[in-house]
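Summary of the model geometry
Chain residues, written in single-letter form:
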Amino acid sequence: MELSGWLQLILFMVVLFTVTKPLGLYLIRVLEPEGRTWLDRPAKPVERLLYRVLGVDPRKEQDWRRYAGSLLLFSLAGLLFTYAVLRLQHLLPFNPRGFGPVRPDLAFNTAASFASNTDWQNYGGETTLSYFSQMVGLVFQNFVSAAAGIAAAAALVRGISRHSAKTLGNFWVDLVRINIYLLLPLAIVLSLFLTSQGTIQNFKPYVETGSAQTIAQGPVASQAAIKMLGTNGGGFFNANAAHPYENPTPLSNFVQMLAIFLIPSGLTYYLGRKVRNQKHGWAVWSAMAVLFLAAVLVCWKAETAGNPRLQALGIDPAAGNMEGKEVRFGVAGSSLFATVTTAASCGAVNAMHDSFTPLGGLVPLFDIQLGEVVFGGVGSGLYGMLLFVVLAVFLTGLMVGRTPEYMGKKIEAFDVKVSVLAILVPVFCILGFAAWAAVSRWGLAGPANAGPHGLSEILYAFSSTAGNNGSAFAGLNGDTVPYNISLALAMLFGRFLIILPVLALAGSLAGKRALPPSEASFPASGPTFVIILIGTVLVVGALTFLPALALGPIVEHFLMTGSGILY
């Protein structure tokens, strides 16, 4: 664990902490319908035009049912639109390689993937999709699915901050403002930075070399920017951020990691300001940061230690486990990237997680299974963590004999039920689908490895899809009809069956009256709250997934070290 790696980690956390407040203040302006930003002069006319096209009255708010209905309707329309683009790409422009229509099962999987902000890829972008399909079908979804997640988080925060209210805002207004004032400007800036580093952005035909090698081209920087900012993760190339055309330099690698956490981190400050308790926002940020740092150090330590089997053969252990990693980034940069992308629901990768050591690979897997609440996806990380906050407050109240309260509002049976329901949805999706695949002929035909590593490949696939992460463990052939359908269902369930309870919770909290704080009120800030919140997240994750992890990466670790009776 070299000094350069420590400096990179420290710099990453310092920069992330520094940008959290200014971005949070900007988010307050963006997420208020009448909020004013420095982009108002060029963007206001576009905003008004979009309202007219959509037939939306920006002054009219929606209750949680109408808000949820609008979000689901828009997401369904986006799924069908993307499916149509993929099926008809051979008839559409910007197809220099003459790619044919995408198979129905793969098109459904891909459309569900991008509509749910998962970006799981059972295809190679440069060998399957046209420029038009990538730009219009996928990048469009990268913007709007990310905006839908942020909108859901904003609705929940409004529910917490409002008193005796029936509405949560207007989904269509949130969707328009998030894209115009937040995602699009940030994506333009990041795209320009990436092109300065060497990321390509063109419409040139593929380059055919004299050695029968084909070098893919395309509009890469624009997709790479929003895949990071929107925690989408879908790469233009099959190698994703390990490809030099997507992620050319160590500096671009650092900035892309920062972009993944940028908006989720800013949303914690937005939370504190909206509920008029900034200490609470920083407490949530601190809990996320502690969990993140612990995960980074475990993964980094495991990858630095390397494989003792190779060391026994006389291979120099100084480089650690470099299998599946880019020499441009090394062990430290790859371990940090793997932890960032799976703590957030991003899924972009700069190394192959299948090549990590068993404990190194366990970290990104467990990050996803915790619910991706360690900063998490744009919007989904905040509302996911707030579900654990409600659960932590409820359990603490039971233990000390107090009526559970959160921000002055009583946590009642309905609030607990919908919170637990949202937390259990990915559990059933991950373990249910993985168990089905592990005992089915179609499921067992997918892994490239037998034994515990093969189980890890199956478990990772359904964890990644149900958790809306999208990263692949690699080594699994998921491009079959059964896998395409089952993984698509896991993605849709893991996205929308969580958002519905979240919005129901928001509606319930918005309708409550806030009680003035008293000596009996449990403080939602400070070290005690942070410890309780971290404990709740870990206990729920550990108790749920530890048996499955014990049969996969943990067993594989003991097999690698040759300890115990597992031989």
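See above for the structure.
These notes cover the structure that comes with them. (Residues numbered from 1 in each chain as written. Predicted model: local features only at pLDDT ≥ 70, side-chain atom pairs only at ≥ 80, totals over all residues. Heavy atoms only, no water.)

Approximately 400 Å³ is the volume attributed to the largest pocket. In this structure, the largest pocket is lined by 23 residues; those nearest its centre are Gln121, Tyr123, Asn238, Ala472 and Ala474. Here the residues of the lining of the largest pocket sort into 9 nonpolar, 11 polar and 3 charged. What the second largest pocket holds in volume is close to 350 Å³. Around the second largest pocket, the lining is made up of 16 residues, and of these Asn307, Asp354, Phe356, His453 and Glu556 lie nearest the centre. Every element with two or more residues in the lining of the second largest pocket is listed here: helix 17 (451-466) and helix 19 (526-561). The leading source of residues in the lining of the second largest pocket is helix 19, at 3 residues. (1 Å grid on protein atoms, 1.4 Å probe; cavity = no way out; pocket = protein on both sides within 12 Å on 5 of 7 lines; lining within 4 Å. Points joined across faces, edges and corners; volume = space filled by probe spheres on them. Nonpolar A, V, L, I, M, F, W, Y, C, P; charged D, E, K, R; others polar. Helix = DSSP H or I, 4+ residues; strand = E, 2+ residues; numbered from the N terminus.)

Attention now goes to the packing of helix 14 (residues 380-400) against helix 15 (residues 413-438). Interaxial distance between helix 14 and helix 15 falls to 9 Å at its minimum, and their mutual angle equals 130 degrees. For the element pair helix 14 / helix 15, the angle class is oblique. Crossing handedness for the pair helix 14 and helix 15: left-handed. Taking contact as the criterion, the partners of Leu387, Phe388, Val390, Leu391 and Phe394 in helix 14 are, on helix 15, Asp415, Val416, Ser419, Val420, Ala422 and Ile423. When grouped by side-chain class, the residues that make up the contact of helix 14 with helix 15 number 9 nonpolar, 1 polar and 1 charged. (Axes fitted to C-alpha atoms, helices over the stretch in contact; angles between N-to-C directions. Parallel < 35°, antiparallel > 145°, perpendicular 65-115°, else oblique. Left-handed = near helix turned anticlockwise from the far one by under 90°. Contact = heavy atoms within 4.5 Å.)

This part is about the state of the cysteines. The full count for this structure, using the stated rule, is 0 disulfides. Between cysteine 299, a cysteine without a disulfide, and cysteine 346, which holds the nearest cysteine sulfur, the sulfur-to-sulfur distance is 16 Å. Residue cysteine 299 is classed as buried on the basis of its relative accessible area of 0%. Given a relative accessible area of 0%, cysteine 346 falls into the buried group. (Disulfide = S-S within 2.5 Å. Buried < 20%, exposed > 50% of the residue type's maximum accessible area, 1.4 Å probe, protein only.)

Enumeration over the complete set of coordinates arrives at 5 cavities of 30 Å³ or more. Around the largest cavity sit 27 residues that line it, and Gly371, Glu372, Ala422, Pro426 and Ile498 are the ones nearest its centre. Counting only elements with at least two residues in the lining of the largest cavity, the list comes to helix 13 (358-369), helix 14, helix 15, helix 18 (481-510) and helix 19. Residues that form the lining of the largest cavity fall into these classes: 15 nonpolar, 10 polar and 2 charged. Of the pockets and cavities examined, the second largest cavity occupies roughly 60 Å³. Lining the second largest cavity are 10 residues, with Val393, Gly397, Arg402, Pro404 and Phe522 positioned closest to its centre. Sorting elements by how many residues they give to the lining of the second largest cavity places helix 14 first, with 4 residues. Partitioning the lining of the second largest cavity into residue classes produces 5 nonpolar, 3 polar and 2 charged.

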